[in-house]
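# Fold and contact review
These are the residues of each chain, in order.
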Amino acid sequence: MNRFASTGLLTLCLLSLGIQHANAHSADEHAGHKAPASNTQEHAQVKFANVPLLDQNGKTVRLEQDLVQGKIVVMSFIYTSCTTVCPVVSSIMGKVQKQLGARVGEEVQLVSISIDPQRDDPKRLQDYARTFQRGPGWSWLTGSPQSINETLKGLGSFSGDLKSHQPLILVGDGDSRHWMRYYGFTDPALLAKEVEKLSGLRTHAKHTAIAMEQQP
């Protein structure tokens, strides 16, 4: 059984047992990488660093310009050598992709950013993604340590220490700048609901703009 298949099995166990099980692992390099005691969410202010990043196919991208603008985005922060929290977060993202179906890759973009760019090159991310991703519209990003650090700082996800990085998922509209930050093991249905809300706001704004243009 390869490493990523093993990770998939562990993910199922963690999702079944929840946060307490994830926190019960023996002390190792992931010992401080824990979820908060309860899920929380908050409105977020984000800033996108204009730096080059690499996706899982080795393509150079700029986060805002190439992946965020014009999209509703669900974004997570992981690293492939994490054996506790990150597989759970990635599984949650995979369930969001499944729930949203064909909208991912069209109206919706999923993004996972490695917080360990020194080890997570595109090939490693590509191998890791196979465990969780089903279909297009999900970009896994790495880059130089400097570019990743600038990106994480702008998104409010920089910790400077892998051990203290908490599970975090951002959901937002790249056009309206409305963003929510979700901490902990968030129910995929809640994330999908936020996507639906943002989609509805887009539709309402579009209809309002059309109505105003048609006024004499």
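Let me sum up the structure you'll find in this document. Worth saying up front: this structure is predicted, and the values here are computed from it rather than measured. (Residues numbered from 1 in each chain as written. Predicted model: local features only at pLDDT ≥ 70, side-chain atom pairs only at ≥ 80, totals over all residues. Heavy atoms only, no water.)

Counting 56 residues, the largest nonpolar core has Leu63, Met75, Phe77, Ile113, Leu155 and Trp179 as its most contacted members. Looking at which element gives the most residues to this core, the answer is helix α4 (residues 85–100), with 8 residues. Aside from chain neighbours lying at most four places away, what touches methionine 75 is Phe48, Leu63, Met93, Val111, Ile113, Leu155, Leu168, Ile169, Leu170 and Trp179. (Core = buried A, V, L, I, M, F, W, Y, C linked by side-chain atoms within 4.5 Å. Buried < 20%, exposed > 50% of the residue type's maximum accessible area, 1.4 Å probe, protein only. Helix = DSSP H or I, 4+ residues; strand = E, 2+ residues; numbered from the N terminus. Contact = heavy atoms within 4.5 Å.)

Okay, the sheet that holds strand β7 (residues 168–173) next. The pairing of strands in a sheet happens through backbone hydrogen bonds and is either parallel or antiparallel. Ordered by their spatial adjacency, 6 strands build an open sheet running β1-β8-β7-β4-β5-β6, and the pairing between neighbours is mixed. The two strands at the open ends of the sheet, each matched to only one other strand, are β1 (40–44) and β6 (138–141). Ignoring which end each strand starts from, the neighbouring axes of this sheet average 20° apart. Where strand β5 (residues 108–114) meets β6, 4 bridges bridge the pair, whose relative direction is parallel. Within β6, the residue paired with leucine 110 across the bridge is tryptophan 138. Against the sheet, α4 engages β4 (72–78), β5, β6 and β7, with an angle of about 160° to β4. Sheet strands touched by helix α6 (residues 145–155): β4, β5, β7 and β8 (179–183). Its angle to β5, the strand with the most contacts, is close to 120°. (Pairing = 2+ DSSP bridges. Axes fitted to C-alpha atoms, helices over the stretch in contact; angles between N-to-C directions.)

With that settled, the discussion passes to the pairing of β6. Side chains Trp138 and Trp140 of β6 all project onto a buried face; the interleaved residues Ser139 and Leu141 project onto the opposite face, where all are buried too. In this region the chain leaves β5, passes through helix α5 (residues 122–129) and returns to the parallel neighbour β6; the handedness of that crossover is right-handed. (Right-handed = clockwise from strand over helix to strand, strands pointing away.)

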